[in-house]
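The primary structure of each chain is shown beneath.
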Amino acid sequence: QLARIQTDSVVEMLRELYPDLSFEIAVAMSTTGDKILDTALSKIGEKSLFTKELENALERHEVDLVVHSLKDLPTSLPPGFTIGAVCKRENPLDAVVFHPKNCGKTLSLLPEKSVIGTSSLRRAAQLKKKFPQLEFRDIRGNLNTRLKKLDEKEDFSAIILAAAGLKRMGWENRIGQLLSPEDCLYAVGQGALAVEVRAKDQEILNMVSALHDADTVLCCIAERAFMKRLEGGCSVPVAVNAVLKDGQLYLTGAVYSLDGSDSLKETMQTNVHYPQRNEDGPNDDVQHVGITARNVPGQAQEAAENLGVELASLLLSKGAKHILSVARQLNDTR
């Protein structure tokens, strides 16, 4: 349902921009990540968990564009594909949804040993450290399934979900607590929608590039470059927070051990205030961590990508590789 709502919202924007074109939502598909619901995401080990089947359809020209949550897209896309648009980001923070009996509470007010559901190592690692009195357990399934598990059983006192998904579903009233970046840094790309297209399809690329939100693009390029340099994924706890203010891009990045006891966190900034130059020819289609953004200044994109790489390199120089490899090994043996 969420995937459909997200796709509909992108098609709606395209219809407004191009009233003469007709857009057909041709295919609703299930992906590997949707089908395997009895295993933690971090254990499945498939890089393109929510994207492979959709990319196959793109390659076969059955569809011309695919709408994803950007956080589901790996930092390296298969050859022949690109992210042709990154739409304006919804609130990227994580939200706590409480069991009806805990309505009005916050995580710190829950009784000791209360069980919190999350399928994310990143969320669990950060919150275990901040709330050692609580227990964290895996919960899988789409948003409807997870909310049902929360409301109809007594297994969980609360679950953690992305605020963006809840808002898009019209369930904002279920958000009992928004977790600030001090409580929980968010996932790379969280809250942003990406439109994946064939990299060589100039007509489609031109069309969807009008959907780019420049600020979101720069924040997400920095975040994705950070993740790529760390070689992170959903099997290790990597988290970020990006803020663009007065032409300065601030990126906070962190890595955690599975229990949150060991962590590294740093913030760096860079100037991304560059004018748009008319760059004709193939320069337009330079990809930055899988994103082709024709209407965002190339220098600004480069600066954002370098920021992510430099921040990751700083953490690696302080021992991030060790933290992540131990987290990976422990996750594999769980």
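Residues numbered from 1 in each chain as written. Predicted model: local features only at pLDDT ≥ 70, side-chain atom pairs only at ≥ 80, totals over all residues. Heavy atoms only, no water.

- With an unreviewed UniProt entry as reference, the protein is termed Porphobilinogen deaminase, source organism Trogon melanurus.
- Regarding the protein, the UniProt comment filed under Cofactor (unreviewed entry) reads as follows: "dipyrromethane".
- UniProt, in its Subcellular location (unreviewed entry) section for the protein, records the words "Cytoplasm, Cytosol". (UniProt positions renumbered as here; feature names shortened; annotations may be inferred.)

## Quick word on the pairing of strand β6 (residues 158-162)
Right, so step 1: Judged by how many residues are buried, β6 sits mostly within the fold: 5 of 5 residues are covered.
Right, so step 2: Burial along β6 is two-sided: the residues Ala-158, Ile-160 and Ala-162 and Ile-159 and Leu-161 are all buried.
Right, so step 3: As judged from the 5 bridges shared by strand β3 (residues 94-98) and β6, these two strands associate in the antiparallel manner. Paired with Ala-95 across the strands is Leu-161, a residue of β6.
Right, so step 4: Strand direction decides the pairing type here: strand β4 (residues 115-117) and β6, joined by 2 bridges, are parallel. If you follow Ile-116 over to β6, its bridge partner there is Ala-158. (Buried < 20%, exposed > 50% of the residue type's maximum accessible area, 1.4 Å probe, protein only. Helix = DSSP H or I, 4+ residues; strand = E, 2+ residues; numbered from the N terminus. Pairing = 2+ DSSP bridges.)

## Description of the pattern of salt bridges
Right, so step 1: The final tally for this structure, using the stated rule, is 13 salt bridges.
Right, so step 2: One salt bridge in this structure joins Arg-137 and Glu-135, with 3.7 Å as the shortest N-O distance.
Right, so step 3: Of the residues examined, Arg-137 reaches a relative accessible area of 43% and is grouped as partly exposed.
Right, so step 4: Glu-135 gets classed as partly exposed once you look at its relative accessible area, which sits at 32%.
Right, so step 5: Here Asp-201 and Arg-198 are joined by a salt bridge, their closest N and O atoms 3.0 Å apart.
Right, so step 6: For Asp-201, a relative accessible area of 19% translates into the label buried.
Right, so step 7: By sharing partners, the salt bridges in this structure join Asp-64, Arg-198 and Asp-201 into a single network. (Salt bridge = Lys/Arg side-chain N within 4 Å of Asp/Glu carboxyl O.)

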